[in-house]
Structures are given as structure tokens and as C-alpha cells.
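Structure assessment
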Amino acid sequence: MTFTTTVAAPSIRHAVDLIWDWRVEPGDFQLERILPQPGSGLIINLLDDETRVYSDDAAQRCERSPGCVFSGQFTHSFVIDSTEQIAVMGVIFPPGGATSLLREPMDRLASRHTALEDLVGPSGRALRQRLLNTPTATARLDVLQTWLRAHCTSTVVHASVRFALGAINSAPQIQRVGSVIAASGLSPRRFGTLFREQVGIGPKQYARMQRFRAVLTHSRQGGPIEWSRIAADCGFHDQPHLVREFRQFAGMTPTAYLALRGQNVNHVPLARTTEKT
């Protein structure tokens, strides 16, 4: 297994957090639940020219997209086929960062995977083909970074949205964002529209997601789990409130997550079989 990363060049650091290349030996078919986190990304499958996402229910219906997709800001978990994750590259955009690459409002692309070619034209498909013809991880990362530098603009997140993101990120236990909105200097309606267009979701939902992420962090700190204490520390009204919110974002209860979680906080193995359905 190799996981190679590079930081973004200064010219695109406002838009890109990380560029990565992943290689792993083939294994048995396995479904993994991917938990939502702030931000969006590019996913480039260099094994198959498709991206498979399964419905998060007993039917496990498979939705197929091209091999190079933009993964918008999700607010719920989705399920992937780990056997197609043998050779994958990706880009992590911070909240609002993808507005420098794409001309679409982020709320129109939220909670779904969209073919990159549909958003940027033929260069999206040409990018994958060029990466396929590049033999080493370091060279592939250079190719992807060069493509990003050519396609990202100098557009940055609006100052009011940037302020709100910083305020919520620094205090994930925040329960009401009214004071943050008031400090933006914009009307609540204007601020909400701007935040959704740049981040993909509204400020209240973003704050809820950060509380959910805080629970994940607390649950992995070791020692006995005291859910009532975690609920209080993360800004929930009580433990049942924490469980409801966790289930909505993760598609499972906190207890189920603890029982199934692996090394990666965002990947939860769900099923093992030797045959694809």
C-alpha cells in the first residue's frame, strides 16, 4: 500500500488542501461506508473508467458515474466498492475552495458525484487519460497539480463566509449561528444564499456537521466512552440528541460505528464477500 501526497502550490493554496495518489493490492469485494466531512473533492479512478456508489440500504443499488468525478459537499454517508480503490487519485478542496475551479454554485453539486467532464468540458476526460499514461506517483501528482493551476482561478471565498467558517470551525459545539451571521454584516437571507453557493450547504447545517465531526474525534481518543459527557462537550442538548444527529450524518448509531470502525475515521467496512452484486 502506498499513499503519496503533495501540498498545493502557493498559487492554488486558497482552493486546494491536498493532492493525493493511492495504490493498494487487490482484495476481495468489500463495501465501505464513507462518512461526510467538510469540503469537497475530485476522485479519479485509474483502475476502471467508472465510479461506483451504492445505496445505503439493504438493496445496495449501484449508481455508476465516469471514472473522474467531482464529489460535492455531502451531508450523509454513502457506500463505495473498495475493489475499485486499487489505483485512485484525488484532490481535497476545503469548504468553498472548489468555487475557484468550477463555475457552478456548490449547493447544486452537493451530496452527489458529477462527471468532471460535464463541469469543465473535455479537459476533464483528457486529464484522466494523461494520468493513466504517467508511470510514477510523483509524476502523476505533478500532472494533476499542473492541471489544477491551469484551471483554478484566483477566486476566493467571500470574506463573510470565510469569517463564518472560521468561527464555526473554532467552536464546533456552537448551537446557534445567529451571532455569526449578524457579525457578517449581511442580511440573514443574503448571507445564507452566499454561504450555500460557496460551501454547498447552509451555515446551520455546516455547524451541525462540525458537531458530528467533533463526536468522531472524541470517540477515538481512547478510554471508556461516556456518551453523555461527549454530548455535553460537543454542544448537543443531551445524549438522544447526539444519537439522532449522528445517525442522520453517518447512517448508523455511534455504538454501531465504534463496533465497525477501522483505522480510517471516515471509512467504515460494512460487508465482505467474494462476489460483486
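A brief look at the structure comes next. Think of each chain on its own: its residues are numbered from 1, step by step along the sequence as written. Side-chain atom pairs in this predicted model are given and counted only at pLDDT of 80 or more, local residue features only at pLDDT of at least 70, and totals for whole chains, interfaces and linings cover all residues. For the side-chain quantities, the full set of heavy atoms in the structure was used; hydrogens and water were omitted.

**Examining the layout of surface pockets**
Buried and open spaces are told apart on a 1 Å grid over the protein atoms alone, a cavity being a set of points where a 1.4 Å probe fits but cannot get out and a pocket being an open set with protein on both sides within 12 Å along at least five of seven lines. Residues with an atom within 4 Å of a point are the lining residues. Grid points are joined across faces, edges and corners, and a volume is the space filled by probe spheres set on the points. What the largest pocket holds in volume is close to 1400 Å³. If you go around the largest pocket, you meet 47 residues; those closest to its centre are Ile34, Ile80, Gln85, Asn264 and His267. Looking at the lining of the largest pocket, the elements that each hand over two or more residues are strand 2 (18-23), strand 3 (30-34), strand 4 (40-45), strand 5 (51-54), strand 7 (68-71), strand 8 (78-81), strand 9 (87-93) and strand 11 (267-272). The secondary structure listing takes helices from DSSP runs of H or I that are at least 4 residues long and strands from runs of E that are at least 2 residues long, numbered from the N terminus. In terms of residues, the lining of the largest pocket owes the most to one element, strand 4, which gives four residues. By volume, the second largest pocket amounts to about 150 Å³. Forming the walls of the second largest pocket are 13 residues, and the residues nearest its centre are His14, Pro94, Pro95, Val157 and Arg162. Of the residues contributing to the lining of the second largest pocket, the split by class is six nonpolar, six polar and one charged. Ten residue types, Ala, Val, Leu, Ile, Met, Phe, Trp, Tyr, Cys and Pro, are classed as nonpolar, four, Asp, Glu, Lys and Arg, as charged, and the remainder, Gly among them, as polar.

**Here we look at the state of the cysteines**
Disulfides are defined as cysteine sulfur pairs within 2.5 Å. The tally for this structure, following the rule as stated, stands at zero disulfides. As a non-bridged cysteine, Cys62 has Cys68 as the owner of its nearest cysteine sulfur, 18 Å distant. Residue Cys62 is classed as partly exposed on the basis of its relative accessible area, which comes to 29%. Free cysteine: Cys68, not disulfide-bonded; nearest cysteine sulfur from Cys152 at 13 Å. Burial classification: accessible surface area is computed with a 1.4 Å probe over protein chains only, and a residue below 20% of its type maximum counts as buried, one above 50% as exposed, and the rest as partly exposed.

**Digging into the sheet that holds strand 1 (residues 2-6)**
Reading across the sheet, the six strands line up as 1-2-9-4-7-10 and stay open at both edges, with antiparallel pairing between neighbours. Taken across any chain shown, the strands that pair with only one partner, and hence form the sheet edges, are strand 1 and strand 10 (113-115). Strand-to-strand twist in this sheet, taken as the mean axis angle between neighbours without regard to direction, amounts to 20 degrees. Relative to strand 10, strand 7 runs antiparallel, the two sharing three bridges. Looking at the pairing, Ser71 lines up with His113 of strand 10. Contacts are assigned to residue pairs with any non-hydrogen atoms lying within 4.5 Å of each other. Note on definitions: angles span 0 to 180 degrees between N-to-C directions of axes, and those axes are lines fitted to C-alpha atoms, for helices only across the stretch in contact. Lying over the sheet, helix 2 (residues 123-132) contacts strand 4, strand 7 and strand 9, oriented at roughly 55 degrees with respect to strand 4. Its contacts with the sheet put helix 3 (residues 137-151) on strand 1, strand 2, strand 4 and strand 9, and the angle it makes with strand 2 is roughly 145 degrees. Each pair of strands is called paired provided DSSP finds at least two bridges between the two strands.

No statement about biological role is implied by the geometric values presented.
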